[in-house]
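# Structural overview
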Amino acid sequence: MKSIFTFCLLLVISINFTSCVNTNYELQESEEESNVKEEHFNYTIGNGPFVYFEDNTLKEILLNNFTININLDNEITFDEALAFNGKIKVSDNEISSMIGIEKFENIVELNFARNKVTSIDLSQNIMLENLNCAVNPFSVINLENNINLKFLEIRTTKIAYLDISNNINLKRVTIICSRKLKRINIKNGNNINVFLKCSYNNPLLECILVDDVNFAESGDWWIPNQTIYSLDCNIDSTND
């Protein structure tokens with residue numbers, strides 16, 4: 001009997017741990033693989049300027065995607081980056097910097113989950129509809145310009161405040177296992193079309209700024225027990 005109890009306890013612990021690191025949780029991503037080959041030609045034939053990548057792993061992944069690197073050389077030009085309007089998935093690659101991704105202004109999906117990214121600039125990626133940035137140690141993310149964003153997953157980060165009030169096209173937001181998160185601003189004028197899940201492992205989440213408190217309380221959003229809905233949330237102190 002004792003061994004059965006021990007097995008069940010270990011199973012529950014395993015499930016809870018996985019839920020914080022498994023970033024495929026109900027995220028609407030494409031199963032299509034990039035057009036990737038093992039190597040690219042080791043010379044430059046494109047005309048600059050070229051995209052600067054701080055992280056070589058990120059650069060290599062994009063170079064080996066020949067729907068991006070059209071001329072099969074060892075650089076990504078600004079024109080190549082701008083012309084690409086597809087999806088970029090670079091999860092699970094120990095990437096420490098996403099510098100360079102800002103030149104891909106027309107991508108519709110970006111997944112850089114489970115890397116080591118400490119900061120991210122998505123201000124120029126205005127066509128993004130689907131973003132998975134889970135399990136990265138960044139503490140700030142600005143999504144003000146990403147008004148086309150529909151699906152967002154933020155899991156296991158260091159953010160204390162998340163402002164998604166300018167993202168008027170949101171449909172689904174998953175924010176879990178962010179242990180420093182205190183406030184969320186989702187007052188975007190379109191709460192009736194959003195499903196919000198932030199119920200798991202956000203122990204400091206105090207307040208969520210919403211369009212209408214009554215609607216939020218009567219809806220099907222998932223939030224921690226200690227969290228309240230409000231019309232102000234005292235959001236001036238966003239760096240607490």
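Rules used throughout
Residues numbered from 1 in each chain as written. Predicted model: local features only at pLDDT ≥ 70, side-chain atom pairs only at ≥ 80, totals over all residues. Heavy atoms only, no water. Helix = DSSP H or I, 4+ residues; strand = E, 2+ residues; numbered from the N terminus. Contact = heavy atoms within 4.5 Å. Buried < 20%, exposed > 50% of the residue type's maximum accessible area, 1.4 Å probe, protein only. Arc of directions from axis to C-beta. Polar contact = N/O pair within 3.5 Å; in protein donor to acceptor, adjacent residues only side chain to side chain. Core = buried A, V, L, I, M, F, W, Y, C linked by side-chain atoms within 4.5 Å. Pairing = 2+ DSSP bridges.

### Structural notes on the environment of Ile76
Note on placement: Ile76 falls in the loop between helix H2 (56-63) and helix H3 (78-83). For Ile76, the contacting residues outside a window of four places in its chain are Phe50, Val51, Phe53, Leu62, Leu63, Ile68, Asn69, Ala81 and Phe104.

### Structural notes on H2
Residues that lie three or four places apart on an α-helix share one face, since the helix turns once every 3.6 residues. Among all positions in H2, only Leu58, Lys59, Leu62 and Leu63 are buried. Looking down the long axis of H2, one finds its buried residues gathered within 130 degrees of arc, a one-sided arrangement. On its buried face, H2 is in contact with strand S1 (87-89). For H2, the side-chain oxygen to backbone nitrogen distance between the N-cap and Thr57 is 2.9 Å, and the N-cap itself is Asp55.

### Describing the nonpolar core
Note that soluble globular proteins tend to have their nonpolar side chains buried in a common cluster. Among the nonpolar cores identified, the biggest contains 50 residues, and Phe104, Leu131 and Ile141 are the most heavily contacted of them. Among the elements that line this core, the one with the most residues is H2, at 3 residues. Residues in contact with Phe104, not counting those within four places in the same chain, are Phe53, Leu62, Ile68, Ile76, Ala81, Phe84, Ile88 and Asn125.

### Points about the pairing of strand S6 (residues 172-176)
Of all 5 residues in S6, 5 are buried, a share of seventy percent or more. Because side chains alternate across S6, one face comprises the buried residues Arg172, Thr174 and Ile176, and the other comprises Val173 and Ile175, equally buried. Direction of pairing for strand S4 (residues 151-155) relative to S6: parallel, over a ladder of 5 bridges. In the sheet register, Phe151 faces S6, and the bridge partner there is Arg172.

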